[in-house]
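Take a look at the letters that make up each chain.
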Amino acid sequence: MPNIASAKKRARQSEERRMHNRHLRSRLRTQVKNVLKAVAAGDHAAAMAAYNAAVPVIDSIADKGIVHKNKAARHKSRLNAHIKALQAAA
């Protein structure tokens, strides 16, 4: 445990940031899962709605630096590919 006041403050700030970042990462994963569930159910309209709701969340989290921009782009690309495959199969 830190003994110096500035080190105590730094530890508090780090913990608060960690919890905040964890919350944002959880939001990202939830949005991705919502799209995948809709795709698995075979509902194209619901999948598109979930995808359109997920994209701003993914971009926002990438802008904040919680995940890398390339990872965000990869998520969006793969989700979009799932939706297109669902549409092609229908």
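Above this text sits the structure in question.
Below is a short write-up of the structure. No experiment lies behind these values; they were computed from the predicted model shown. (Residues numbered from 1 in each chain as written. Predicted model: local features only at pLDDT ≥ 70, side-chain atom pairs only at ≥ 80, totals over all residues. Heavy atoms only, no water.)

## Side note on the environment of asparagine 21
Relative to the helices and strands, asparagine 21 resides in helix α1 (residues 5-41). Between the C-alpha atom of asparagine 21 and that of isoleucine 61, which follows or precedes it by 40 residues, the distance is 9.0 Å. (Helix = DSSP H or I, 4+ residues; strand = E, 2+ residues; numbered from the N terminus.)

## Here's the deal with the nonpolar core
Ranked by size, the top nonpolar core spans 21 residues in total, and within it Val35, Ile58 and Ile61 carry the most contacts. Of all the secondary structure elements, the ones that give two or more residues to this core are α1, α2 (44-63) and α3 (69-89). When residues in this core are grouped by element, the largest group, 9 residues, is from α2. When neighbours within four sequence positions are excluded, valine 35 is seen to be in contact with Ala47, Ala50, Tyr51, Ala54, Leu79 and Ile83. (Core = buried A, V, L, I, M, F, W, Y, C linked by side-chain atoms within 4.5 Å. Buried < 20%, exposed > 50% of the residue type's maximum accessible area, 1.4 Å probe, protein only. Contact = heavy atoms within 4.5 Å.)

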